[in-house]
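# Descriptive structure summary
Read off the chains here:
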Amino acid sequence: MALPACAAPALGPPLQPERGAPARTTCPRRHSRGEAELAVSRLGSVAASVGAGPPRGVSRGFNSRPLLDEPLKASSSLAGAARVPLFALLPRGRRRRMHDLRRRWDLGSLCRALLTRGLAALGHSLKHVLGAIFSKIFGPLASVGNMDEKSNKLLLALVMLFLFAVIVLQYVCPGTECQLLRLQAFSSPVPDPYRSEDESSARFVPRYNFSRGDLLRKVDFDIKGDDLIVFLHIQKTGGTTFGRHLVCNIQLEQPCECRVGQKKCTCHRPGKRETWLFSRFSTGWSCGLHADWTELTSCVPAVVDGKRDAKLRPSRNFHYITILRDPVSRYLSEWRHVQRGATWKASLHVCDGRPPTSEELPSCYTGDDWSGCPLREFMDCPYNLANNRQVRMLSDLTLVGCYNLSVMPEKQRNKVLLESAKSNLKHMAFFGLTEFQRKTQYLFEKTFNMNFISPFTQYNTTRASSVEINEEIQKRIEGLNFLDMELYSYAKDLFLQRYQFMRQKEHQEARRKHQEQRKFLKGRFLQTHFQSQSQGQSQNQSQNPNQNLTQNLIQNLIQNLTQSSNQNLSQISSQKENRESQKQNSGQEQNDSNTSNGTKDYIGSVEKWR
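Basis of the calculations
Residues numbered from 1 in each chain as written. Predicted model: local features only at pLDDT ≥ 70, side-chain atom pairs only at ≥ 80, totals over all residues. Heavy atoms only, no water. Helix = DSSP H or I, 4+ residues; strand = E, 2+ residues; numbered from the N terminus. Polar contact = N/O pair within 3.5 Å; in protein donor to acceptor, adjacent residues only side chain to side chain. Contact = heavy atoms within 4.5 Å. Disulfide = S-S within 2.5 Å. Buried < 20%, exposed > 50% of the residue type's maximum accessible area, 1.4 Å probe, protein only. Salt bridge = Lys/Arg side-chain N within 4 Å of Asp/Glu carboxyl O. Pairing = 2+ DSSP bridges. Axes fitted to C-alpha atoms, helices over the stretch in contact; angles between N-to-C directions. Parallel < 35°, antiparallel > 145°, perpendicular 65-115°, else oblique. Nonpolar A, V, L, I, M, F, W, Y, C, P; charged D, E, K, R; others polar.

### A closer look at the side chain of Glu 274
Looking at the element boundaries, Glu 274 is found in the loop between α9 (239–248) and β2 (277–278). A polar side-chain atom of Glu 274 sits 2.5 Å from a polar atom in the side chain of Arg 316.

### Regarding the environment of His 349
Looking at where His 349 falls in the secondary structure, it is placed in the loop between α11 (327–339) and α12 (375–380). Separated by 61 residues in the primary sequence, His 349 and Gly 288 have C-alpha atoms spaced 8.0 Å apart. Here His 349 is in contact with Glu 295, Arg 354, Pro 355, Pro 356, Leu 361, Leu 385, Arg 392 and Tyr 403, once residues within four sequence places are set aside. At 3.4 Å, the side chain of His 349 and the side chain of Tyr 403 are in polar contact.

### Let's talk about the state of the cysteines
Per the stated rule, a full pass over the model turns up five disulfides. Across the disulfide from Cys 364 sits Cys 381; the S-S distance is 1.8 Å. Across the S-S bond linking Cys 364 and Cys 381, the dihedral sits near -80°, which makes this disulfide left-handed. Taken together, the positions of Cys 364 in the loop between α11 and α12 and Cys 381 in the loop between α12 and α13 (389–394) put the pair 17 residues apart, joining distant regions of the chain. Cys 364 gets classed as partly exposed once you look at its relative accessible area, which sits at 22%. This cysteine, Cys 248, is not joined by any disulfide, and Cys 258 carries the nearest cysteine sulfur, 3.9 Å off. Cys 373 forms no disulfide, and the closest cysteine sulfur to it belongs to Cys 364, at a distance of 8.6 Å.

### Some words on the pattern of salt bridges
Applying the stated criterion across every chain yields a total of 13 salt bridges. Linking Glu 253 and Lys 224 is a salt bridge whose minimum nitrogen-to-oxygen distance equals 3.4 Å. With a gap of 29 residues between them, Glu 253 in the loop between α9 and β2 and Lys 224 in the loop between α8 (212–215) and β1 (228–232) connect regions that are remote in the sequence. Salt bridges here are not isolated pairs; linked through shared partners, they connect Arg 269, Glu 274, Asp 305 and Arg 316.

### Observations regarding the sheet that holds strand β4 (residues 430–433)
Taken together, four strands build an open sheet; the order of strands is β2-β1-β3-β4 and the sheet is parallel. Each end of this open sheet is capped by a strand with a single partner; those strands are β2 and β4. Sheet topology places β1 next to strand β3 (residues 318–324); five bridges connect them, and they run parallel. Following the sheet pairing, Phe 231 is matched in β3 by Ile 321. Contacting β1, β2 and β3, helix α10 (residues 293–305) crosses the sheet at an angle of about 145° to β1. Across the face of the sheet, helix α15 (residues 437–448) comes into contact with β1, β3 and β4 while running at roughly 170° to β4.

### Quick word on the packing of α11 against helix α16 (residues 471–480)
Relative placement of two packed helices is described by the angle separating their axes and the distance separating the axes. At a minimum axis separation of 10 Å, α11 and α16 run at an interaxial angle of 100°. For the element pair α11 / α16, the angle class is roughly perpendicular. On α16, the residues that touch Val 328, Tyr 331 and Leu 332 of α11 are Ile 477, Glu 478 and Leu 480. Classifying every residue of the contact of α11 with α16 by side-chain character gives five nonpolar, no polar and one charged.

Pasting the structure below:
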C-alpha cells in the first residue's frame, strides 16, 4: 500500500508502492507537523507497551504478540522505526476494533491465569491435607519424607478423577435410587429363590391342623413299572405351562419325544411302548376336554387298560396331580378367554355314565360363541360354569346327583361339594399353586423324586392382572366364587405347610449326613493314628529288644512295690484305729488282751514291711 505524500515528512523518505496497487496522491486529511509528532509519540508509547509484553499476572499466549496491520507483514524489509507509526495511519473504525479485540484477549488471558492459579492453589491445599491424613494413618511410612513430585501429581489426578466421577454420577442419576440399588447389590445376601416369589411374611402362620401323613407326600413312583401320573387340568390355572414342563423339562432316562408342529409328545417308559403320563400333551383329551375328577377316575382306567382282559390288567397306582390358582385372577382370565371366542363345547361333563341334559346345564349364550361378552353380562349368567369351577372339577359330583340341582338343597349341596374337593385335594399325590412356581417345582421334585432341567419362571404380569376392576366388582366376583375362595385358602395353607415340612426334613437330613461324615472322618483319623503308633512301637521293639525288656521289668517292680506299700499302710491305719478304741475301754480285760494282740500285730507288720 502506498503512503500518502502528506505523511512523507513525518516518516522520512517515501515508500515505494506495491506492485499492482494504485498509488494514492491525495491525503484524506491534512495533518500538521504537530499532529504528526503527537501521533508518532502516541504510537511509540503503544509500541513500547506492546513490546513490553502482557500485564503482570497474565500469561504470554498467542494473543500477547504486538498487533500489526495485515499488509505490514508482507513488507518485512521496512525498518522497526518505520513500522510503529503505521497504527496511527489506520482508519479510526479499524483502530477501535483492533483495540477492543486486544482488550478482550487480554481479559481472557487474565481469566485463564486466575483459573490456573486457583487450581494450583487447590491442588496444593489438597496435597497438604491428604499428606496429613496419610501421615496420621500410616505413621512412620509417611514420616520418611515428603512425597516426590510425581506422586503428588498422581494423587492430584486421582482426586480430580474421583470428583469428576461423582459429578457425572450425580448428573446421570441425581436421586438416591442408584445409590440404594448399588448398596443393596453389595450388602444384601443372595435371596432365597423360593421366598422371592412370595410377598407374604417370612414366618407362615398355619390355620389348619394337618397330620404328618398329610404333610409328608413322597410317592414311590416307578417309571419302569405300571404306575401312572394323571394330570387334572383346570382351565386358566397355568396348566398348559405345567403340562409342557412335564413332557419337555424333566430329566429322564428316556425323555419324551416331541416333534415340531405336533402338540402331543410320546412319553414311553424305558424299554416299553407304554406311557407313564396321562395329560393333554401326552395322550391328548382322551377323556374329554378338561375332564374333571369325576370323569377321570372313571375314564382313565378304561382308556389305559380297555383293550386288556380284566384278569390281565396290572394293579396300577394312579397318581393324580393338579394346579390351582387364585379364584379372582382365574375368573377374570377365563372371562378374557371367552371374550376371544373360547367355548369349551367339546367338554363332555360325563357324570354317572351320562352327560347332562340341556335343562340341567343350560347355555349362557345363543350364538356360536360368547365373544365380546362384557364382564357384567359374564357375571350375570346363573348357569356360568366359571363360577366355583375349581371346587366343581375337584369334587365327586356323584355325591350330589351330578348336575341335577333338585336332588338336595343348595346349601347342603355346596357343603358336600366343598368337603369332597378338600378331601380329594388332600389325598392327591401332588398339587401346586400358580402363584408359587418355584415352590411348586420343589414339591413335585421331592414328591416323585424327579428333577426338572430348568427352573420354573414366575410370571407376575398376566391377562388377568391387566384388567382393572373396582372394589365392588371384586367383591361380587368373590361372592360368585365363594366355594373356590375357601378351597384356595385351604389349599394354600396345606401347600405352604408341606413346603415348610419338606424343607425342615431336608435340613435335618443334611445335618445328619454331615454329622455322620464327621464321625467317619474322625474314626479314620484315629485309626490311622493308632496304626502309626503301633507300627512305631513294633519298630522300636524290634530294634531294641533288651532295652524294652528292662523297662518292662522296672515298671512291674515299681507297680508291685506301690501296691504292697499301700496295703501295709491301710493295715497300719486300721490297727491304729482299733487300738484307740480299745484304750477307751481299758477297764475290760478282754479288750486289754485284744490291745496287746493288736500291738503285737502292728509291730510284726511294721517289721515285716521293713
